[in-house]
Amino acid sequence: MTDDPKNFSTRALWAGHLPPVAGEDVATPIHHSVTFGYYDMDEWFDVALDRKPGHIYSRNTNPTVRPLEVTMSSLEGSEEAVSFSTGMAAISNTLYTLLEPGDRAVAIKDTYGGTNKIFLEFLPRMKVDCCLCDTLDFDTIEEEVRKGCKLLYLETPTNPLLKVVDIERLARVAHEVGALVIVDNTFATMVNQRPLELGADIVLYSATKYLNGHSDAMGGIVCGPREIVDRVYHYREINGATLHANSAYLILRGLKTLELRMQRHNENGQRIAEFLHDHDKVDQVFYPGLPAHTNHDVARKQMDGFGGMLSFSLHGDFDQVKQLVPNLTHAHAAASLGSVATLIGPPRVTSHVELTMEERKAMGIPESLIRYSAGVENVDDLIDDLKRGLAAL
Ligand SMILES: *Cc1c(COP(=O)(O)O)cnc(C)c1O
């Protein structure tokens, strides 16, 4: 797929398309069939052994799911891609494929909540030593990687404080010790950030977010070298966390407008972050595109756009959040992110609800923090909405 010369949006529309035949579907058909018939036993045998292309059983491969994987590897510039029922399935299947008892893994502390649980709860149970480092302490991450590890797991920008991790710098050190570098690229997408070009080996996604982009399908994708992706696929085949054809169709449809949508998310994110930054009811704003952001220089180096995700805290406590959120008319107060419609959620009741106030404080998460996933609405309307909501506080 890497030799496809076309530009991004062209590949998004055409990479998963087979050579034309007369009267073919223009939209990818949704194949609900669980199983696919063979009447020639030799052909069945060849397909079963991967000597001939074809589909046998939808837990393994499916004619709607496969074009999504082909399109994703083209967009990411990877040799191969494999899909999953959810983002967490992509992450867990990848880690369980690559790690064995006795291995050591290094990761940042600010990974997605579910990923963090894998490092803290499930991998230690299978005797994998997991070293979680302060996300922005690159010196310590380098030091821990140099002690030796099987893989380095990164995510950038992070949730909910939009911390930016220097992929190129850390990948270089990981490769010195022969470790694989995995990056969760869900927040940025490959429109804004291409970890493989920065030295990462594997890029993975919750396709539930920007890739689908409409809050109507869940999925996960892993992109990387064929040898590794094939091993992850083999694990998934047996583990069974397969993407459904319906969801594959919706994600594939989402990819067709990904570049367009990300351009608008980037513009809206930047404008809203700047508006909030200058507002007197707002305490802090976290957005990689603001020059005041802790790692704005790294973000500028490795990102082509800063995305639609931001968070901000209000002067005062959680009562202020309770007042503001119901007052906004163009923001769903709901979990998740990366949709065409704006979504907001305070980490205190979403991602970090299980922690105590002290634990949130130790992680630098203010009680009055609100995560804002800017949609693709008209940005003036979104700003007016926030203006009205904040004025009422
Ligand atoms: C949502 C999310 C996940 C998990 O994806 P699901 O599709 O909900 O399983 C993983 N990583 C990041 C960064 C996410 O935002």
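Draft legend 1. Expanded view of the overall build of the protein. The helix and strand tally for the protein stands at 15 helices and twelve strands. Whereas a compact globule of 393 residues would reach a radius of gyration of roughly 21 Å, the protein reaches 22 Å, a difference of no more than 12%. Principal-axis analysis of the C-alpha atoms gives the protein an extent of 75 × 55 × 35 Å. With 393 residues in all, the protein has 53% of them scored as buried. Put simply, 74% of the contacts in the protein that link residues at least 6 apart link residues at least 24 apart.

Draft legend 2. Focus on the nonpolar core. Residues Ile272, Leu276, Phe312 and Tyr372 are the most contacted members of the largest nonpolar core, which totals 32 residues. If you list the elements that add at least two residues to this core, you get helix H11 (258-277), strand E8 (282-286), helix H12 (296-302), strand E9 (309-314), helix H13 (318-327), strand E12 (369-373) and helix H15 (379-391). For this core, the leading source of residues is H15, giving five residues. When sequence neighbours within four positions are dropped, the list of residues in contact with Phe312 reads Leu276, Val282, Gln284, Val285, Leu324, Ser368, Leu369, Ile370, Tyr372 and Leu386. Residues Phe8, Phe187, Cys223 and Ile251 belong to the second largest nonpolar core, which totals 28 residues.

Draft legend 3. The environment of Ala299, seen in detail. Looking at the secondary structure, you find Ala299 in helix H12. Taking C-alpha positions, Ala299 is 28 Å from Leu252, a pair spaced 47 residues apart along the chain. The contact partners of Ala299, leaving out residues within four places of it in the chain, are Val164, Pro288 and Phe306.

Draft legend 4. Up close: the packing of helix H3 (residues 65-76) against helix H10 (residues 245-255). Where H3 meets H10, the axes come as close as 8 Å, and the angle between the chain directions of the two elements is 35°. Considering how the two elements wind past one another, H3 and H10 form a crossing that is left-handed. On H10, the residues touching Val65, Pro67, Leu68, Thr71, Met72 and Leu75 of H3 are Ala245, Ala248, Ile251, Leu252 and Leu255.

Draft legend 5. Region of the structure containing the packing of helix H6 (residues 138-146) against helix H7 (residues 167-176). Two elements in contact, H6 and H7, have axes whose closest approach is 9 Å; the angle formed by their N-to-C orientations is 15°. The angle between the axes of H6 and H7 places the two elements in the roughly parallel class. Seen along the crossing, H6 lies across H7 with a hand that is right-handed. Contacts between H6 and H7 involve Phe138, Asp139, Ile141, Glu142, Val145 and Arg146 from the first element and Arg169, Leu170, Val173, Ala174 and Glu176 from the second. A per-class count over the contact of H6 with H7 returns six nonpolar, no polar and five charged.

Draft legend 6. Layout of the site of the ligand. Residues in close proximity to the ligand total 15 residues, the closest being Met88, Asp184, Ser206, Thr208 and Lys209. Take Lys209: an N or O atom from its side chain is 2.7 Å from an oxygen atom of the ligand. Protein burial of the ligand: of its 380 Å² of free accessible surface, 94% is covered by the chains. Partitioning the shell around the ligand into residue classes produces six nonpolar, six polar and three charged.

Draft legend 7. Structural context of the domain arrangement of the protein. As assigned here, the protein comprises domain 1 (8-255) and domain 2 (258-391). Relative to domain 2, the C-alpha centre of domain 1 lies at a distance of 27 Å. The interface of domain 1 with domain 2 comprises 34 residues on the first partner and 40 residues on the second. For domain 1, the biggest contributors to the area lost against domain 2 are Leu161, Asn192 and Tyr210; these three give 25% of the whole.

Draft legend 8. Region of interest: helix H9 (residues 226-239). Across its 14 residues, H9 extends 19 Å between first and last C-alpha, which sits within 8% of the 20 Å expected from 1.5 Å per residue. If you check which residues of H9 are buried, you get Ile228, Val229, Val232, Arg236 and Glu237. For H9, the elements touching its buried residues are H3, strand E1 (80-84), helix H4 (87-98), strand E5 (180-184), strand E6 (202-206) and strand E7 (220-224). Trailing H9 by a residue or two, Gly240 shows a phi angle of about 90°, which is positive.

The rules behind these values
- Numbering of residues begins from 1 in every chain and follows the order in which that chain's sequence is written.
- At least 70 in pLDDT is required for a residue's local features to be given in this predicted model, at least 80 for side-chain atom pairs to be given and counted, and no such filter applies to totals for whole chains, interfaces and linings, which use all residues.
- The basis for every side-chain value is the complete set of heavy atoms in the structure, and neither hydrogens nor water enter the calculation.
- Helix numbering and strand numbering both begin at the N terminus, where a helix is a DSSP run of H or I of at least 4 residues and a strand a DSSP run of E of at least 2.
- Radius of gyration: over C-alpha atoms. The globule rule applied is 2.2 Å multiplied by the number of residues raised to the 0.38 power.
- A simple rule labels every residue: compare its accessible area, found with a 1.4 Å probe on the protein chains alone, to the largest value its type can have, and call it buried under 20%, exposed over 50%, or partly exposed in between.
- Here a residue-residue contact requires only that any non-hydrogen atoms of the pair lie within 4.5 Å.
- The definition of a nonpolar core used throughout is a set of buried Ala, Val, Leu, Ile, Met, Phe, Trp, Tyr and Cys residues joined through side-chain atoms within 4.5 Å.
- To get an axis, fit a line to the C-alpha atoms, keeping to the stretch in contact for a helix; angles then go from 0 to 180 degrees between the N-to-C directions.
- Left-handed is the label given to a crossing in which the near helix is rotated counterclockwise from the far helix by less than a right angle, and right-handed is the label when the rotation is clockwise.
- An angle below 35 degrees is read as roughly parallel, one above 145 as roughly antiparallel, one from 65 to 115 as roughly perpendicular, and any other as oblique.
- For this classification, the nonpolar set comprises Ala, Val, Leu, Ile, Met, Phe, Trp, Tyr, Cys and Pro, the charged set comprises Asp, Glu, Lys and Arg, and every other residue, Gly included, is treated as polar.
- Whether a residue is near a molecule or strand depends on its heavy atoms: it is near if one of them lies within 4 Å of it.
- What qualifies as a polar contact is a pair of N or O atoms within 3.5 Å, subject to a donor-acceptor requirement within protein and to the restriction that residues adjacent in sequence count only when both atoms come from side chains.
- Using a 1.4 Å probe, accessible areas were evaluated by the Shrake-Rupley method; residue-level cover was limited to the displayed protein chains.
- Domain delimitation follows an automatic or database domain assignment.
- Accessible surface is computed with a 1.4 Å probe, and the buried area is the amount of it that two parts give up when combined, taken over both parts together.
- The span expected for a helix works out to 1.5 Å for each residue beyond the first.

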